[in-house]
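Observations on chain architecture
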Amino acid sequence: MTAPSQARQREPETNQAFRVASEQFYRGKAHALSGEPDCARLEFDAALETIRQNARPGNAADLAFAQQLFDSIDLYRTILSGPNGSEERPPAEDTSDTLIASVPPAPSQEELETAKNEVAGSQKSVTYDVPLVVNDAVLRAIAFYQFRTPQHFAAALKRSGRYLPMMRQILREQGLPEDLVYIAMIESAFKPVAHSRKGAHGFWQFIDGTATRYSLRRNRQFDERSDPVKSTLAAAAYFRDLYELFGDWYLAMAGYSTGEGRVIRALQRTGARDYWELNAMSALHPETEAYVPFFLATMIIAKDPMRFGFDVIPDPPLEFETVELDRTMDLARVATAIGSTVEDLRTLNSELTSRFTPRPEPTYPLRVPVGAASILKSALASLPSAPEYEERRVAVKKGDTIERVAARYGMSVTDFRELNDLPQKARLKKGSKVTVLVARIPATVSRPSLVAVRGTVEPAQRASSGARVEGEIRALPTPSSAVTNPAEIGIASYQTVSVSSPRPAPRPLPDTVSIPAEGFARDTVPAVRRVDAEKTVERSEAAKRKASAKARKPSYTVRKGDTLYQIAERHGVTVEKLAKENRIRPRTPLQVGQKLALPAEPAR
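Residues numbered from 1 in each chain as written. Predicted model: local features only at pLDDT ≥ 70, side-chain atom pairs only at ≥ 80, totals over all residues. Heavy atoms only, no water.

1. Section: the nonpolar core
One finds Trp 204, Phe 239, Met 253 and Tyr 256 to be the most contacted residues of the largest nonpolar core, which totals 94 residues. Top element by residues in this core is helix H14 (residues 286-303). It accounts for 11 residues. With sequence-adjacent residues up to four places away left out, Phe 239 is seen in contact with Leu 176, Leu 180, Ile 183, Trp 204, Trp 249, Ala 252, Met 253 and Tyr 256. (Core = buried A, V, L, I, M, F, W, Y, C linked by side-chain atoms within 4.5 Å. Buried < 20%, exposed > 50% of the residue type's maximum accessible area, 1.4 Å probe, protein only. Helix = DSSP H or I, 4+ residues; strand = E, 2+ residues; numbered from the N terminus. Contact = heavy atoms within 4.5 Å.)

2. Remarks on the layout of surface pockets
The space that makes up the second largest pocket amounts to roughly 860 Å³. Taken together, 37 residues make up the lining of the second largest pocket; nearest its centre are Val 193, His 195, His 201, Ser 412 and Thr 414. No other element matches helix H19 (residues 413-420), which puts 4 residues into the lining of the second largest pocket. The class makeup of the residues in the lining of the second largest pocket is 6 nonpolar, 12 polar and 19 charged. (1 Å grid on protein atoms, 1.4 Å probe; cavity = no way out; pocket = protein on both sides within 12 Å on 5 of 7 lines; lining within 4 Å. Points joined across faces, edges and corners; volume = space filled by probe spheres on them. Nonpolar A, V, L, I, M, F, W, Y, C, P; charged D, E, K, R; others polar.)

3. Points about the pattern of salt bridges
Here the structure, examined in full by the defined rule, presents 27 salt bridges. Among the ionic pairs, Lys 191 bridges to Asp 97, the shortest N-O distance being 3.1 Å. Note that Lys 191 is positioned in the loop between helix H8 (181-188) and helix H9 (208-213) and Asp 97 in the loop between helix H4 (77-80) and helix H5 (109-122), a separation of 94 residues in sequence. One salt-bridge network, in which partners are shared between bridges, spans Arg 168, Arg 172, Glu 178, Asp 179 and Lys 303. (Salt bridge = Lys/Arg side-chain N within 4 Å of Asp/Glu carboxyl O.)

4. Considering the confidence of the model for the chain
Per-residue confidence for the chain averages 79 on the pLDDT scale, and 75% of its residues sit at or above 70. pLDDT under 50 marks residues 5-10. Its contacts with residues more than four places away, or in other chains, come to 12 contacts. For the stretch residues 442-466, pLDDT sits under 50, and the model shows 23 contacts to residues farther than four places along the chain or on other chains. (pLDDT = per-residue confidence, 0-100.)

5. Examining the packing of aromatic side chains
Applying the stated criterion across every chain, the model contains 18 aromatic pairs. Judged by centre distance (6.0 Å) and plane angle (35°), the rings of Phe 25 and Phe 44 are tilted. Of this pair, Phe 25 sits in helix H1 (residues 12-33) while Phe 44 is found in helix H2 (residues 37-54), placing the two residues 19 residues apart along the sequence. Of the residues examined, Phe 25 reaches a relative accessible area of 0% and is grouped as buried. Looking at Phe 44, the relative accessible area reads 2%, which means it is buried. Between Tyr 145 and Phe 294, the aromatic rings sit 5.5 Å apart at their centres with planes inclined by 45°, giving tilted as the arrangement. Of the two residues, Tyr 145 sits in helix H6 (residues 136-147) while Phe 294 sits in helix H14, which places them 149 residues apart along the sequence. Like Tyr 145, the residue Phe 294 is buried in the burial classification. Each residue in the set Phe 144, Tyr 145, Phe 153, Phe 294 and Phe 310 is aromatic and connected to the rest through ring pairs, giving one cluster. (Phe/Tyr/Trp six-rings, centres within 6.5 Å; stacked < 30°, edge-to-face > 60°.)

6. Focus: the environment of Gln 594
With respect to the helices and strands, Gln 594 occurs in the loop between helix H23 (575-581) and strand S8 (595-597). Judged by its relative accessible area of 25%, Gln 594 is partly exposed. Remark: the alpha-carbon pair of Gln 594 and Thr 557, spanning 37 residues in sequence, is separated by 5.6 Å. Sequence-distant contacts of Gln 594, defined by excluding residues within four places in its chain, comprise Tyr 556, Thr 557 and Val 558.

What follows is the structure in structure tokens.
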């Protein structure tokens, strides 16, 4: 965001007032950056008051200037609000979802020299639209990608083909350097569902607060942080504000990583003038100290991957058409109608958290493959609406965790926590009740068949066969220090852990089992099993005899005024024997209607 500018064709008095407000704004900004929040507040308040007194009611230009001034002042709230003005945003939780490593292993001297030579050769033919610095930290990051995590980096390069063109176009249209797109690459490795332990999510790893500030919505049905277009627009707006705040792209990147408030306070505390001085003073978190070097390393390699040993064919760019839906639809039915797959529709509509489209407001723009829009529009009338979700209370079982229950019912952990109002560190207790969302799915749903294709297929063949065209990883860099015989280098494979006593091979099953027409003879039953069966029959018959004898045993129903002594005397038994027969004490009071068993033999 640029600083407030003068509106055109104003009267002289208004022009003068707006010049005064601009000067007050810049003085406030200077105080804020130098660590004088009280003076900054005074200047900002004075600028707003100047506008309030001089802006002409109903004048569009004056209102636009006032809004621009307010938004510019609002950028500095993290400085004026103290230590809690921003949140730290750590890297993605799954290491395969990010290209950032807090403390990467130190490369060998030979690997550093290799990286240095290849960077020197790359600089002659590649251009960049952000400042480029190559120092030891950047060389270590390049060597880390080349010789420690080449497969991981190559997979991110392959996925980048889907999103780079559209993200570059958005950044260009927003007036920002296109090379900022590599921030998304190091943040999420271009995985739409990359997630961190602090809740950062999506391509650009927005946390909840920042996502809300830049109008990214999320609910149980969608998360716009996972949409490549919407999240890139939000990231562009955030970087525009960060550059307005710092006037330096490296400091803006550091602010994006750890929060602008932390970077401002580090500058104030140390007196450093730029990002590299902050790094030298160890004034930032380890993730932030490594952030810019990893960004530069990624940008350098991605612009000339073959030079650094990455022979990768990127995935083709996403291309789609949009159909406006006026009701909730099941992606499985849509995929069947247009001859596509649920996987392809989920890739195009990566903000969706389930296979059902959100409730339209008033419509929902569903992306479909090129050429499928007209087919879907003609088929919409015959497609039923998707089932609605219903809430259901279920009991927590032994061993259940939040993650396990959420996965069981197809919910995200975030949605499950929100639905049950559970804090971050909450644990489920056996027997407690939780609420889950269950879709009322029809009994029969037509699903497209999924076929695993093996072997090498050329892109033209895949396209003609209707399969989704994907990129390919052909070769990776190999550390020269680890290679003694080039013939030993082969395709990466996973090794199973050997055990000292291997399991015996399972006994082969017979091809067929024949049943004689007369059935199995009794003599063919093993002796042990026959004896067990006979014992079981004997026990069963004994139990029946005991139950029959118990059923024949006489009984007496207690009447009003009866005592145990009277009943025993009436039936010729002792009180002790009658009490023992009924497992009661001799002095136990009796209840009217109570059944008493009478001993079989009278006392002598």
